[in-house]
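Single-letter residue listing:
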Amino acid sequence: MPPPVFRFAPSPNGYLHLGHAYSALLNANLARQANGRLLLRIEDIDATRCRPEFEAAIYEDLHWLGLAWETPVRRQSDHFASYRAALDRLSARGLIYQSFESRAEIARMVAERDANTPWPRDPDGAPLYPGTAKQLSAREREALMKSGAPCALRLDMAAALASAGDLDWTEEGEGPGGEDGRVRAQPEAWGDVVIGRKDTPASYHLAVVVDDALQGVTDVVRGQDLFWATSVHRLLQRLLDLPAPRYRHHALVRDAAGAKLSKSTRATGLRELRAEGVSPAVVRRRIGL
Ligand code: GLU
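Heads up: these notes are all about the structure in this document. (Residues numbered from 1 in each chain as written. Predicted model: local features only at pLDDT ≥ 70, side-chain atom pairs only at ≥ 80, totals over all residues. Heavy atoms only, no water.)

1. Description of the site of the ligand
Inference 1: Around the ligand, the surrounding shell consists of Arg7, Ala9, Pro10, Ser11, Glu43, Tyr204, Val208, Arg222 and Leu226.
Inference 2: Within the side chain of tyrosine 204, an N or O atom sits 3.1 Å from an oxygen atom of the ligand.
Inference 3: At 2.9 Å from an oxygen atom of the ligand is found a side-chain nitrogen or oxygen belonging to arginine 222.
Inference 4: Notes on the ligand: free accessible area 300 Å², of which the protein chains cover 80%.
Inference 5: Along the lines of polarity and charge, the residues of the shell around the ligand split into 5 nonpolar, 1 polar and 3 charged. (Near = heavy atom within 4 Å. Polar contact = N/O pair within 3.5 Å; in protein donor to acceptor, adjacent residues only side chain to side chain. Areas by Shrake-Rupley, 256 points an atom, 1.4 Å probe, with all protein chains shown as cover. Nonpolar A, V, L, I, M, F, W, Y, C, P; charged D, E, K, R; others polar.)

Here you go:
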């Protein structure tokens, strides 16, 4: 049996905090216990928010914590061709379409409908896309493409579900799993989710699924905030004929007031703690690892 493969996959859009330390150390512990491998992946497809200095800080902070990982590290921005190839496969099967509304326009359209009955939201609280662009004629679509309007590539959820059938996943962490550790995937809760853009042929969902398969990841260990994103990941894995890893969604580290940590809260930033003279051993104790 090949060794299990774990990965820690931060986005370099800010400095790491105690929550990242927990996720990274948990991955490392589980990999060690299972005689497995640990990969680090830099998830930097969002060029507007990711910066090289944050990437450099990730390496520095993780080394400081005492972590080691395999090299070379996969950086997603180096692999847009892989994500484009996956999009092309979905497109060839008629499972994606272009939409041209900005987020504000979608909010406005939804507000009008909301007046009568509450409009459905996705698990992150964003309104589901009303599907308006599906009604465009080929000529209208062409004109919008030429006009330079923002263009998002969306999964046609109804068509995708009809093609994929029922899906579930193995959950080893905490969360609404069944007795047997199986969770029924509910990708429909996300509606026609964005999986790519005209200029950036990828989205978090698409890139993570392509990379986990390409890197042979067997165990995805990440925060509970991504629990329901796994529904979309299972759907994309089925549509793209990719294997399903095991999942373990861990509880999030919270601040003293019980709030989720953010990359901008300095009190729990690894760099700040280090500057104050806090040792890696104290960080580990504080997060219980
Ligand atoms: N890049 C994601 C984040 O920093 C994590 C992705 C994952 O673990 O699947 O939140």
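Still more to cover.
2. Some words on the nonpolar core
Inference 1: Core analysis: the largest hydrophobic core is formed by 39 residues, its most contacted members being Leu90, Leu155, Ile195, Leu206, Leu235, Leu236 and Leu239.
Inference 2: The set of elements that each furnish at least two residues to this core consists of α3 (80–92), β5 (152–155), α6 (157–164), α7 (204–214) and α8 (229–239).
Inference 3: Non-local contacts of leucine 239, meaning those with residues more than four positions away in its chain, are made with Arg89, Leu90, Arg93, Leu95, Leu155, Ala160, Ser163 and Ala164. (Core = buried A, V, L, I, M, F, W, Y, C linked by side-chain atoms within 4.5 Å. Buried < 20%, exposed > 50% of the residue type's maximum accessible area, 1.4 Å probe, protein only. Helix = DSSP H or I, 4+ residues; strand = E, 2+ residues; numbered from the N terminus. Contact = heavy atoms within 4.5 Å.)

3. Focus: the pairing of strand β10 (residues 246–250)
Inference 1: Sheet analysis places strand β9 (residues 219–223) next to β10, joined by 5 bridges and oriented parallel. From the neighbouring strand, aspartate 219 faces β10, where its bridge partner is arginine 246.
Inference 2: With α8 bridging β9 and its parallel neighbour β10, the resulting β-α-β unit is right-handed. (Pairing = 2+ DSSP bridges. Right-handed = clockwise from strand over helix to strand, strands pointing away.)

4. Some words on the sheet that holds strand β4 (residues 96–99)
Inference 1: The strand order across the open sheet formed by 3 strands is β4-β5-β8, and the pairing between neighbours is antiparallel. Each of the sheet's edge strands pairs with one partner strand only, and the pair in question is β4 and β8 (194–197). For this sheet, the mean inter-axis angle between neighbouring strands, taken without regard to orientation, is 35 degrees.
Inference 2: Looking at chain direction, β5 and β8 are connected through 3 bridges and run antiparallel. Paired with arginine 154 across the strands is valine 194, a residue of β8. (Axes fitted to C-alpha atoms, helices over the stretch in contact; angles between N-to-C directions.)

5. As for the pattern of salt bridges
Inference 1: Under the defined criterion, the tally for this structure stands at 23 salt bridges.
Inference 2: Measuring nitrogen to oxygen at the nearest pair gives 3.5 Å for the salt bridge that ties aspartate 61 to arginine 271. Taken together, the positions of aspartate 61 in helix α2 (residues 52–64) and arginine 271 in helix α9 (residues 270–275) put the pair 210 residues apart, joining distant regions of the chain. (Salt bridge = Lys/Arg side-chain N within 4 Å of Asp/Glu carboxyl O.)

6. With respect to the packing of aromatic side chains
Inference 1: Scanning the model with the defined rule gives 8 aromatic pairs in all.
Inference 2: Centroid distance tyrosine 15 to phenylalanine 54: 4.9 Å. Interplanar angle 85 degrees. Geometry classified as edge-to-face. In this pair, tyrosine 15 is assigned in the loop between β1 (5–8) and α1 (18–33) and phenylalanine 54 in helix α2, connecting sequence segments 39 residues apart.
Inference 3: The exposure class assigned to tyrosine 15 is partly exposed, which follows from its relative accessible area of 31%.
Inference 4: Here the aromatic rings of tryptophan 169 and tyrosine 247 are separated by 6.4 Å at their centres, their planes lie at 70 degrees, and the arrangement is edge-to-face. Here tyrosine 247 lies in strand β10 and tryptophan 169 lies in strand β6 (residues 168–170), a separation of 78 residues in the sequence.
Inference 5: For tryptophan 169, a relative accessible area of 1% puts it in the buried group.
Inference 6: You can call tyrosine 247 buried: its relative accessible area is 1%. (Phe/Tyr/Trp six-rings, centres within 6.5 Å; stacked < 30°, edge-to-face > 60°.)

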